[in-house]
Amino acid sequence: MNAYCKSALHQIQIAINSIIAIMHELNSDDLQSRPTDMKYSIGELLQHISLLPKADYKISNGATEEEMSAFYSEHSFHTIKEIEGALINHYQFLEKRYQTYTDRELQEKVVSYWGATYSRYEWLLQIVSHLYHHRGQLHAMLVHCCRKDPQISLFE
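An unreviewed UniProt entry lists the protein chain under the name DinB family protein, with Alkalihalophilus sp. As8PL as the source organism.

The structure is reproduced here in structure tokens:
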């Protein structure tokens, strides 16, 4: 595997491990909490995070808006255990796919359905930043809105 991809995947694994640790500090009632009207509840945010590795991979390979809409509608998780399982499975899917790319394939440009164009490697970096963004969002929701600090280290 490309050394840069291996490092990026390691950073994704760090984010996922800390997200799972945060989930282990929650109960089912926490999933219903919606700190801001018209925004994700904690459960909805976690569900989005759990889909992210596979969803963003699909986008990075040119999935259409219709294909992505279908993907999102096919997945619904209701418990912390289901969300955790989906997150792990979708990360493993992403990791397997990136292990197979050659350096040439990593440099191929792919256009998203909304017009963003990146190399496959750049798409992987987008996935890293997307996960870290939502992990920070989750942590802030819990600490500042729900007054529930999970006491989880967010970095190694």
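Anyway, onward from the coordinates.
Chemist: What's the story with the packing of aromatic side chains in this structure? I'm lost.
Modeler: According to the stated counting rule, one finds nine aromatic pairs in the structure shown. When the ring of Tyr57 is compared with that of Tyr98, the centres are 6.3 Å apart and the planes differ by 80°; the resulting orientation is edge-to-face. Within this pair, whereas Tyr57 is found in helix 3 (residues 42-60), its partner Tyr98 is found in helix 5 (residues 80-100), the two being separated by 41 residues in sequence. Here Tyr57 and Tyr98 have matching classes, each one buried. Directly above the ring of Phe93 sits Lys54, whose terminal nitrogen or CZ lies 4.6 Å from the centroid. Over the aromatic face of Phe155 sits the side chain of Arg135, whose NZ or CZ is 5.0 Å from the ring centroid.

Chemist: Looking at this structure, how should I read the packing of helix 1 (residues 3-23) against helix 5?
Modeler: Between two packed helices, the angle of one axis relative to the other and the distance separating the axes together describe the packing. Two numbers describe how helix 1 lies on helix 5: the axes approach to 11 Å, and their chain directions differ by 175°. Classified by the interaxial angle, the pair formed by helix 1 and helix 5 is roughly antiparallel. Across from Cys5, Leu9, Ile12, Gln13, Ile16, Ile19, Ile20 and Met23 in helix 1, the residues of helix 5 making contact are Ile80, Ile83, Glu84, Leu87, Ile88, Tyr91, Leu94, Glu95 and Tyr98. The residue makeup of the contact of helix 1 with helix 5, split by class, is 14 nonpolar, one polar and two charged.

Quick notes on the rules
Residues numbered from 1 in each chain as written. Predicted model: local features only at pLDDT ≥ 70, side-chain atom pairs only at ≥ 80, totals over all residues. Heavy atoms only, no water. Phe/Tyr/Trp six-rings, centres within 6.5 Å; stacked < 30°, edge-to-face > 60°. Helix = DSSP H or I, 4+ residues; strand = E, 2+ residues; numbered from the N terminus. Buried < 20%, exposed > 50% of the residue type's maximum accessible area, 1.4 Å probe, protein only. Lys NZ or Arg CZ within 6 Å of the ring centre and 35° of its normal. Axes fitted to C-alpha atoms, helices over the stretch in contact; angles between N-to-C directions. Parallel < 35°, antiparallel > 145°, perpendicular 65-115°, else oblique. Contact = heavy atoms within 4.5 Å. Nonpolar A, V, L, I, M, F, W, Y, C, P; charged D, E, K, R; others polar.

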